[in-house]
There are 2 protein chains.
Amino acid sequence: MRQPLARELTNLIERGRDRQLRLAVTGLSRAGKTAFLTSLVNQLRHAGLEARLDLMPVAREGRLLGARRVSQPDLGVPRFPYDQAMAALDADPPFWPQPTRGISELRLSIRYRPARRGLLRGETAELSLDLFDYPGEWLLDLPLLGHDYPGWSRAMLANAGEQRRALLAEWESVAAGLDPAAEANEAELANIASLYARSLQAAREAGFANLQPGRFLLPGDLEGAPVLQFFPLPALKDYDDTRLAKLPPDSVYATLAARFRHYQQHIVRPFYRDHFRRFDRQIVLVDVLGALNAGPERFEDLSQALTTLMQSFDYGKRSLLSRLFAPRIDRLAIAATKADHVTPEQHGNLTSLLEALLAEPLQDLRYADVPVKALSLAAIRATETHAVEHQKQRTPALRGTTLEGEEVLVFPGEVPSQLPEAEFWARQGFDFRAFRPAPREGGALPHIRLDAALDWLIGDKLR
Amino acid sequence: MRQPLARELTNLIERGRDRQLRLAVTGLSRAGKTAFLTSLVNQLRHAGLEARLDLMPVAREGRLLGARRVSQPDLGVPRFPYDQAMAALDADPPFWPQPTRGISELRLSIRYRPARRGLLRGETAELSLDLFDYPGEWLLDLPLLGHDYPGWSRAMLANAGEQRRALLAEWESVAAGLDPAAEANEAELANIASLYARSLQAAREAGFANLQPGRFLLPGDLEGAPVLQFFPLPALKDYDDTRLAKLPPDSVYATLAARFRHYQQHIVRPFYRDHFRRFDRQIVLVDVLGALNAGPERFEDLSQALTTLMQSFDYGKRSLLSRLFAPRIDRLAIAATKADHVTPEQHGNLTSLLEALLAEPLQDLRYADVPVKALSLAAIRATETHAVEHQKQRTPALRGTTLEGEEVLVFPGEVPSQLPEAEFWARQGFDFRAFRPAPREGGALPHIRLDAALDWLIGDKLR
């Protein structure tokens, strides 16, 4: 592995020469990745014209001249479907773009005027910005690299809450009867694996996020392959390692363990090796409001999922990731999305709550000296704020159109600034509605603080 | 490269030790791959019981004891969905199984009693049979490895017939205006590529088979990736190689050429390297009757597609394939499928027509000393033959149920034993109807000559 100083130097040289930056956007399903990336591209393309990017000094100072899409370097990675997303937002009525599946990429060439002009007075400069979008679920698989199959199996069965357990019940009742020492029956294992995958799907639809293995939710071309047909084995609790090591290769245990190893080597590792370790900057999007809406067990589940996910950014020297892949992300943003679904005076609380949710990983990141910023934003603002007379007080309220097409004026309630206590859940003071995007007439997409996120992520490269 | 004798020896040793055989099934879309593989597995599982396998000596002599499914060795390859296929055939009313997409695999362990008993009298033996199913369209991409981009582009535009040309017209009118020297516009290339892919899809739906690049028809996880966004460039006819070599890397020409090379290296080669060169035996299924039904241009197109496809089995020392991958297929079958759609006395003609269609590739194969057998079969028989009084003569007719559920008795007409002439097409004496599978009551699937195919493909390993 390269030393930090040498690595930093190489990076500096590479970046100085190529003027390029690889920025990755992730988040769990429904966190708002597609909306974020669409709006980001849209703002940069409208920079210098209609885009409102006052929180980016380069834009405020009139030095950001615009951006155009150019050919991406990775020919085997699907292109981020920006045009399709814009078509959805421009439709009548507008609708949210289709979520992306798997990884996608888009390259922008950004033109700007450097702040300090040296020898080349009046010259413009260009920065190649490679944007990547990938499912946060893939990062939930990182800890799987640190386990062997029995360890992973025990960990998976250890900490499921009541509602989660109920969703797994059908699978568990079948899997519990499976003898690790019995000869593997191909069709039986396929059936139990399919039950397991369906229970993961059901858990995700019910709002749970901490789901492993991540690829079971989006199998793509691997649909039906044995590598996606393993699952935790409840009966392993009665076996120690010596006994397991003696089981024959065609036993249930050995068959599932081989698939688990294949998953580690051929699914999880290649993502980190081929993509992740080449990212320079990263933003993690979190749908905090959605989890608040869904109640305590799902909120706790999100917290666990995020703690797991954030391990991919912990570059302490002894971390699993640093040992395996020497990643180089040198700046990180975490953002609570959909801030337009609460009134503006709640945005501070939203950011605080996000920080509270991520308290532990944030401490680790700061200790590892990874610069990180937390913020709340709306990539595409779908509501407007109105002051409303309510019980003789002027209160801010949101006006927007629900997904069903009903125009409403709502008081969504208060966001707690700290992790909610039992008492808070008992009150249930929430009603965050989902809104559809507002109709628009060309120009840049409306947003809240997307410019702040952008400045943190790429502003230093546009000086 | 290994010498034939050395190769043969190595194979003998490998196979002797492992007792395993890798049998691949291919064919162009709708040739009947899924039905064939489903029936093959079904017959072997019912061997020794209800299966009628009289054309296999090992079965006729009562030495074939049965087969069971075991874990497949390639964990990253989707399992062939045998259970789903059987569920479709057992439904009320029965329907044809969903076609597979991409490659799939299934391993059977076949138990039999060897004919010559030596030291181990009365012992049984086992053969591991790995079955693979993959789209014949992938083989159409082989010649692409022998071209550079300008060569491929010219070849693609050279020989399209009238109907085919009409399907490409919209794409061609746009592509013709594209200047190879102009700077590539990412969005424009994506649009033209998508037009091209759609015209390939339309051509396939219209019954054409000779379509390149094959992956454009089934993109899977690569949907939207630049590697699937190239196409022939009509304006290249005005350029020579020297002029092309001078075009800058961001030109339309250089961008498309880079994608073409990526397709060669990362899509076509890996299939041959990771899968194809490991197959021991191969059967190629051809829907001759469907092409006869579709008329002269499509029949000619099928002939061209098959000639291209068969190049993958030409192991002459100077063939592209032998130089690149040293494949080891040592026995080949080609079969006209859906023989149950014509009356039995036409089966001989059907086989002759198939041989006429493949005359040139068959000559090459015989010259290269690859054992090959042509036959006609019905993997799952959907009709019954009845003798009918017609114009005072007893004529055989077919009774079956159409896809729409209508029970019919038909005289489908005569199959020519030679390549049809213009006069034949003018007569148009054909009406091959599509039938749905017959309802069944357990037992083995009814078939025509599947046992003959099986005996040719694996019989020698069951002596």
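Residues numbered from 1 in each chain as written. Chains lettered and ligands numbered in written order. Predicted model: local features only at pLDDT ≥ 70, side-chain atom pairs only at ≥ 80, totals over all residues. Heavy atoms only, no water.

Undergrad: Explain the relation of the copies chain B and chain A here, please?
TA: The pair of chain copies shares a relation made of a rotation about an axis and a shift along it. If you rotate chain B by 180° and push it 0.0 Å along the axis, it lands on chain A with an RMSD of 0.0 Å. Read as a symmetry element, the transformation amounts to a two-fold axis. Distance from the rotation axis, computed per C-alpha, reaches its smallest value in chain B at Asp221 of chain B: 3.0 Å. Of all interface residues in chain B, 100% are interface residues in chain A too; the two copies therefore contact each other through one and the same surface. (Least-squares fit on C-alpha atoms with pLDDT ≥ 70 in both. Contact = heavy atoms within 4.5 Å.)

Undergrad: How should I be thinking about the sheet that holds strand E9 (residues 393-401) of chain B in this particular structure?
TA: Sheet strands pair by backbone hydrogen bonding; their relative direction is either parallel or antiparallel. Residue and element names in this part refer to chain B. Pairing is antiparallel in the open sheet, where three strands are placed in the order E8-E9-E10. Edge positions in the sheet fall to strand E8 (384-390) and strand E10 (407-410), since each has one partner strand and no second. Direction aside, the axes of adjacent strands within the sheet are offset by 35° on average. In this structure, E9 lies alongside E10, joined through four bridges in antiparallel fashion. Paired with Leu398 across the two strands is Val410, which belongs to E10. (Pairing = 2+ DSSP bridges. Helix = DSSP H or I, 4+ residues; strand = E, 2+ residues; numbered from the N terminus. Axes fitted to C-alpha atoms, helices over the stretch in contact; angles between N-to-C directions.)

Undergrad: Can you help me understand the interface of chain B and chain A in this one?
TA: Many structure descriptions define interface size as the accessible area lost when the parts assemble. With 29 residues of chain B at the contact, the number on the chain A side is 29 residues. Across the interface of chain B and chain A, roughly 2100 Å² is buried in total on both sides, 49% from carbon and sulfur atoms. The largest share of the area that chain B buries against chain A comes from Leu75, Arg79 and Glu186 of chain B, three residues that together contribute 34% of it. On inspection of chain B and its partner chain A, the count reaches four salt bridges. Of the charged contacts in the structure, one is a salt bridge between Glu186 of chain B and Arg79 of chain A, with a shortest N-O distance of 2.6 Å. (Buried area = accessible area lost by both parts, 1.4 Å probe. Salt bridge = Lys/Arg side-chain N within 4 Å of Asp/Glu carboxyl O.)

Undergrad: Hey, could you run me through the domain arrangement of chain A in this one?
TA: All names here are of chain A. Entries for chain A in the domain assignment read domain 1 (2-134 + 275-383 + 439-462) and domain 2 (142-269). Using only C-alpha atoms to locate each centre, domain 1 and domain 2 end up separated by 33 Å. When domain 1 packs against domain 2, the two sides together hide about 1600 Å² of surface, and 55% of this comes from carbon and sulfur. Among the residues domain 1 hides against domain 2, the three largest losses belong to Glu297, Arg298 and Asp301. Together they make up 35% of the total. As a salt-bridge pair, Arg164 and Asp301 come within 3.3 Å of each other at their nearest N and O atoms. For the side of domain 1 that touches domain 2, the secondary structure elements donating two or more residues are helix H11 (296-310) and helix H12 (320-325). Per-element tally for the side of domain 1 that touches domain 2: the top contributor is H11, with seven residues. Tallied by class, residues from the side of domain 1 that touches domain 2 come to seven nonpolar, six polar and five charged. (Domains from an automatic or database assignment. Nonpolar A, V, L, I, M, F, W, Y, C, P; charged D, E, K, R; others polar.)

Undergrad: Teacher, can you tell me more about unusual backbone geometry here?
TA: The phi angle of most residues is negative, glycine excepted, and most peptide bonds adopt the trans form. Residue and element names in this part refer to chain A. At the junction of Asp92 and Pro93, the peptide bond is cis and its omega measures out at -5° in the coordinates. Counting through the fold element by element, Pro93 comes out in the loop between helix H4 (82-90) and strand E3 (104-112). Residue Gln212 is joined to Pro213 through a cis peptide bond whose omega torsion reads -10°. In this fold, Pro213 is placed in the loop between helix H7 (186-205) and helix H8 (241-245). You will see that Arg449, though not glycine, has its phi angle at about 55°, which is positive. Mapped onto the secondary structure, Arg449 falls in the loop between helix H15 (422-427) and helix H16 (450-458). Overall, the relative accessible area of 26% leaves Arg449 in the partly exposed class. (Buried < 20%, exposed > 50% of the residue type's maximum accessible area, 1.4 Å probe, protein only.)

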